[in-house]
Amino acid sequence: MQIEYVKTYDEMSQKAARSVAQQILLKPESVLGFATGFTPEGMYARLVELYQEGLIDFSKVTTFNLDEYVGLSPDHLQSYHFFMWDRLFGKLNISKEKVYLPDGNVEDVQKSCLIYEEAIQSAGGIDLQVLGIGPNGHIGFNEPGSDLSGMTHVVELTPSTRKANARFFDSVGAVPQKAISMGIKTIMNARRILLLGSGSGKWDIIQKTLHGPITSMIPASILQLHPDVTVIIDQSTTGLK
Ligand code: PGA
């Protein structure tokens, strides 16, 4: 693991955007894995700037997002479809057909998971997967205790994750109970991983993830076994002990 501590959220976002830009420059038809949440928002804003400055071209890029709620339509303000089109895709020259998010707004969500996994494989696998980390060490919606060899699947969200995400909804009760998430194996299959650590109260979980035992109780700790992980940690919000 290559671990980098930076002083501010902006610095983390700049560095992360540069890393994604470099991936696209080296391989214009890259398959990128993206995440939602507060953590990567600054990186997306910087990627939009780099695109507007004419430095990167998304026309050949394919993207797969980590997860999506079950039961929200793509135009729901809290759906991850909406988040990604609003913050990033809608501002780039990316082809709609090359943008993938799990479809949680269907009857057969299990089938949706299989279709998603097949789409990743048909695209040739993910070149670079961007990840945030939850306060409980989750990656995607792979909560503590998740199967470390799991592929894309339906997840029952834990009370702590629903509470953490309630800030975006009217109340905790309005947060969907389920989501579709890439599994840990899906994430580990990515050729490169960029893990961003930002957010108050995350210092301990980040340290355990990077330096503690590998355990399904801290799903992100499995990343220690991945051959090509870069971690950028924003000290201003995670804090320093
Ligand atoms: P956050 O969420 O970026 O909004 O802190 C990260 C996560 O839960 O994976």
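Note that the structure is predicted; figures quoted are calculated from it, not measured.

What counts as what
Residues numbered from 1 in each chain as written. Predicted model: local features only at pLDDT ≥ 70, side-chain atom pairs only at ≥ 80, totals over all residues. Heavy atoms only, no water. Axes fitted to C-alpha atoms, helices over the stretch in contact; angles between N-to-C directions. Helix = DSSP H or I, 4+ residues; strand = E, 2+ residues; numbered from the N terminus. Parallel < 35°, antiparallel > 145°, perpendicular 65-115°, else oblique. Contact = heavy atoms within 4.5 Å. Nonpolar A, V, L, I, M, F, W, Y, C, P; charged D, E, K, R; others polar. Core = buried A, V, L, I, M, F, W, Y, C linked by side-chain atoms within 4.5 Å. Buried < 20%, exposed > 50% of the residue type's maximum accessible area, 1.4 Å probe, protein only. 1 Å grid on protein atoms, 1.4 Å probe; cavity = no way out; pocket = protein on both sides within 12 Å on 5 of 7 lines; lining within 4 Å. Points joined across faces, edges and corners; volume = space filled by probe spheres on them. Polar contact = N/O pair within 3.5 Å; in protein donor to acceptor, adjacent residues only side chain to side chain. Phe/Tyr/Trp six-rings, centres within 6.5 Å; stacked < 30°, edge-to-face > 60°. Left-handed = near helix turned anticlockwise from the far one by under 90°. Pairing = 2+ DSSP bridges.

Describing the packing of helix α2 (residues 41-52) against helix α3 (residues 80-87)
- It is at 10 Å that the axes of α2 and α3 come closest, and there the two elements cross at 40°. The pairing of α2 with α3 is recorded here as oblique in orientation. Every residue of α3 that contacts α2 at Glu 41, Tyr 44 and Val 48 is listed here: Phe 83, Met 84 and Arg 87.
- Here the residues of the contact of α2 with α3 sort into four nonpolar, no polar and two charged.

A closer look at the nonpolar core
- Within the largest apolar cluster, 41 residues are counted, with the highest numbers of intra-cluster contacts made by Val 20, Phe 34, Met 43, Leu 47 and Leu 88.
- Elements that contribute at least two residues to this core include exactly α1 (9-26), β2 (31-34), α2, α3, β6 (128-131) and β9 (192-197).
- A per-element tally of this core places α1 first, with seven residues.
- What Val 20 contacts, discounting residues up to four positions off in sequence, is Leu 32, Met 43, Leu 47, Leu 128, Val 130 and Leu 194.
- The next biggest cluster of nonpolar side chains, apart from the first, holds 25 residues, and it includes Tyr 116, Ile 126, Ile 193 and Val 231.

Things to note about the layout of surface pockets
- Considering only enclosed or pocket space, the largest pocket measures out at about 630 Å³ in volume.
- Lining of the largest pocket is provided by 36 residues; of these, Thr 36, Gly 37, Phe 38, Asn 165 and Arg 167 occupy positions nearest its centre.
- Sorting the residues of the lining of the largest pocket by element identifies β4 (67-69), α3 and α5 (159-165) as the ones contributing at least two each.
- Of the residues in the lining of the largest pocket, the class split is 15 nonpolar, 16 polar and five charged.

Let's talk about the side chain of Asn 65
- Here Asn 65 is to be found in strand β3 (residues 62-65).
- Of the polar contacts made by the side chain of Asn 65, one reaches the backbone oxygen of Phe 34; its length is 3.3 Å.
- Excluding its chain neighbours within four sequence positions, the residues that come into contact with Asn 65 are Phe 34, Ala 35, Thr 36, Met 84, Phe 89, Tyr 100, Leu 101, Pro 102, Tyr 116 and Met 182.

Some remarks on the packing of aromatic side chains
- Taken as a whole, this structure holds twelve aromatic pairs when the rule is applied.
- Measuring from centroid to centroid gives 4.8 Å for Tyr 69 and Tyr 80, while their planes differ by 45°, and the two rings are tilted. Residue Tyr 69 is located in strand β4, and its partner Tyr 80 is located in helix α3; the two are separated by eleven residues in the primary sequence. Summarising the burial analysis for this pair, Tyr 69 and Tyr 80 share the class buried.
- With 5.8 Å between their ring centres and 45° between their planes, Tyr 69 and Phe 141 make a pair best called tilted.

Observations regarding the packing of α1 against α2
- At a minimum axis separation of 8 Å, α1 and α2 run at an interaxial angle of 55°. On the basis of the axis angle, α1 is oblique to α2. The crossing of α1 and α2 is right-handed. Each of Tyr 9, Ser 13, Gln 14, Ala 16, Ala 17, Val 20 and Ala 21 in α1 lies in contact with α2, whose residues at this interface are Glu 41, Gly 42, Met 43, Arg 46, Leu 47 and Leu 50.

Brief notes about the sheet that holds β2
- One open sheet holds the seven strands; their spatial order is β1-β10-β9-β6-β2-β3-β5, and the pairing between them is parallel. The open sheet has two edge strands, β1 (2-6) and β5 (99-100), and neither has a second partner.
- Contacts from α1 reach β1, β2, β6, β9 and β10 (229-234), with the element oriented near 170° to β9.
- On top of the sheet, helix α7 (residues 203-211) reaches β1, β9 and β10; it is set at about 160° to β1, its chief contact.

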